[in-house]
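In case you want the letters, here they are:
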Amino acid sequence: MKVLAINPGSTSTKIAAYANETCLWNQGIEHSASEINAFACVGDQYKYRIASVLKLLEEKGTPLECFDGIVGRGGLLNPLVGGTYLVDDDLVRALHNAPGGEHASNLGGIIAYHLGRSINVPVYIVDPVSVDEMEPVARLSGLPELPRMSQSHALNMKAVARKVALERGTTYQDLNLIIAHLGGGISVAPHCKGKMIDVNNANNEGPYSLERCGTLPAYHLVKLCFSGKYTEKEVVTKLHKEGGLFAYLGIKDGRIAEKRMNEGDLFAKLILEGLCYQVAKEIGAMATVLAGEVDHIVLTGGLAHSEYITQEIARRVSFIAPVRVIPGESEMEALALGALRVLNGQENALTYEV
Ligand SMILES: Nc1ncnc2c1ncn2[C@@H]1O[C@H](COP(=O)(O)OP(=O)(O)OP(=O)(O)O)[C@@H](O)[C@H]1O
Ligand SMILES: CCCC(=O)O
């Protein structure tokens, strides 16, 4: 079986071709800011991105017609359980309408749908950002009109969970894990017997990350919003793109922060330590969700390449459970394997309820 996987980010589209579990090639297409900014909304970019995918396939000498299925990253849909979803007309409409907000990942299913329809093969999305398997008690925030929402790096976390299970000769459904995805955004989630029963919303809760602010003191945030200094859009950008490490150090790259720390910059050290401290604290909180029954803590994402960061977190949480580090992310593989599980009949595709 051959599968084409498509993962759109804000400035790039990652494409990979798989023959069963084997990756034939995996390549990113960079989109310039001027090209992307020419579109009024994210959904409008799909024809432009389809053209770049077709161009890459031609360069690779891989005809679109060779694929048995196409899979895209799924985005900010209504809350839904994890799994592989068949992309039908309703789902494409939902991705265009962006019920959970605009996000480049909304384009994954849309691009895949149009390509799949042109060659008459099934199209899927896998474990979208809005996977929501939270228990009712986890949704309470303290204000009924502001329920907590599950928005996370579900795709990579669930792929990593399956990897750890395989290593242990067991299944995802038999383990209790706490997985921390440490990247541009940070998700920390307790996975209880195959379900992600809580998670900090990686867009606006939990630890600060390279560019996001995480949980903020609510009263002070209200004061900032009404200070007259910022528009709503500016505040949202501040929280989502200009918070965290960037707000303190003016950089979004963990490697540069660590280099500064190693050169004696004590402020850079404090900010990096703060990130690790907050991640460790969130892991501790999630251990209580599992009532302390934790088989493994797993650290993944780009920042898990850093020995300083993983050791600093492990130092504080290894009393809870053994810590396993799986650096980087395997989103392309996770997409391909999710589609293959359905194409090979190991799982049934789910249908998105509008
Ligand atoms: N050895 C390293 N030490 C410290 N930081 C590193 C190292 N290697 C990569 N990183 C950091 O990891 C970041 C990329 O992480 P990742 O690829 O998970 O993020 P992303 O895809 O941009 O965002 P997200 O994970 O939220 O989707 C880089 O910006 C870099 O700062
Ligand atoms: C909401 C977190 C998902 C992402 O940033 O990719």
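As shown above, the structure is provided for reference.
Since this is a predicted model, take the numbers as computed values, not measurements.

S.K.: Mind showing me how you'd approach the overall build of the chain here?
M.R.: Within the chain, the secondary structure is distributed over twelve helices and eleven strands. Its C-alpha atoms give the chain a radius of gyration of 20 Å, near enough to 20 Å, the size a compact globule of 354 residues would have. Projected onto the principal axes, the alpha-carbon positions of the chain cover approximately 55 × 50 × 45 Å. In the chain, which comprises 354 residues, the proportion classed as buried is 44%. Contacts in the chain between residues at least 24 apart in sequence constitute 70% of all its contacts with a sequence separation of at least 6.

S.K.: Would you explain the site of ligand 1 in this entry?
M.R.: In the region of ligand 1, 16 residues are neighbours, and G183, G184, G254, G302 and S306 sit closest. Of all the elements, helix α9 (residues 254-262) adds the most residues to the shell around ligand 1, at three residues.

S.K.: Quick question: what am I supposed to make of the nonpolar core here?
M.R.: A general tendency of soluble globular proteins is for nonpolar side chains to be buried together. Ranked by internal contacts, the top residues of the largest apolar core, which has 93 residues, are A5, V71, I178, V279, I283, A336 and A339. A total of ten residues in this core trace back to one element, the largest contributor, which is helix α10 (residues 266-289). V279 has contacts with A180, L182, I186, V188, P207 and I313, leaving out every residue within four places of it along the chain.

S.K.: In this structure, what is going on with the sheet that holds strand β8 (residues 186-192)? I would like to understand it.
M.R.: In a beta sheet, neighbouring strands pair by backbone hydrogen bonds and run either parallel or antiparallel. The five strands lie next to each other as β9-β8-β7-β10-β11, forming an open sheet whose pairing is mixed. In this open sheet, the two edge strands, each paired with only one partner strand, are β9 (195-196) and β11 (323-327). Relative to β11, strand β10 (residues 296-301) is paired through five bridges, and the arrangement is parallel. Residue pairing for β11: G301 is matched across the bridge by P327. Its contacts with the sheet place helix α5 (residues 154-167) against β7 (176-182), β8, β9, β10 and β11, and it is angled at close to 135° to β7. In the packing of α10 onto the sheet, contacts are made with β7, β8 and β10, and the angle to β8 comes to roughly 20°.

S.K.: Just checking my understanding: could you explain the site of ligand 2 for this structure?
M.R.: Around ligand 2, the neighbouring residues are V129, Q151, S152, H153, G185, A202 and N203. Across the shell around ligand 2, the residue classes tally to two nonpolar, five polar and no charged.

Definitions and limits used
- Residues numbered from 1 in each chain as written.
- Chains lettered and ligands numbered in written order.
- Predicted model: local features only at pLDDT ≥ 70, side-chain atom pairs only at ≥ 80, totals over all residues.
- Helix = DSSP H or I, 4+ residues; strand = E, 2+ residues; numbered from the N terminus.
- Rg over C-alpha atoms; globule rule 2.2 N^0.38 Å.
- Buried ≥ 20, exposed ≤ 12 C-beta atoms within 10 Å, placed from the backbone.
- Contact = placed C-beta atoms within 7 Å.
- Near = placed C-beta within 6 Å.
- Core = buried A, V, L, I, M, F, W, Y, C linked by C-beta atoms within 7 Å.
- Pairing = 2+ DSSP bridges.
- Axes fitted to C-alpha atoms, helices over the stretch in contact; angles between N-to-C directions.
- Nonpolar A, V, L, I, M, F, W, Y, C, P; charged D, E, K, R; others polar.

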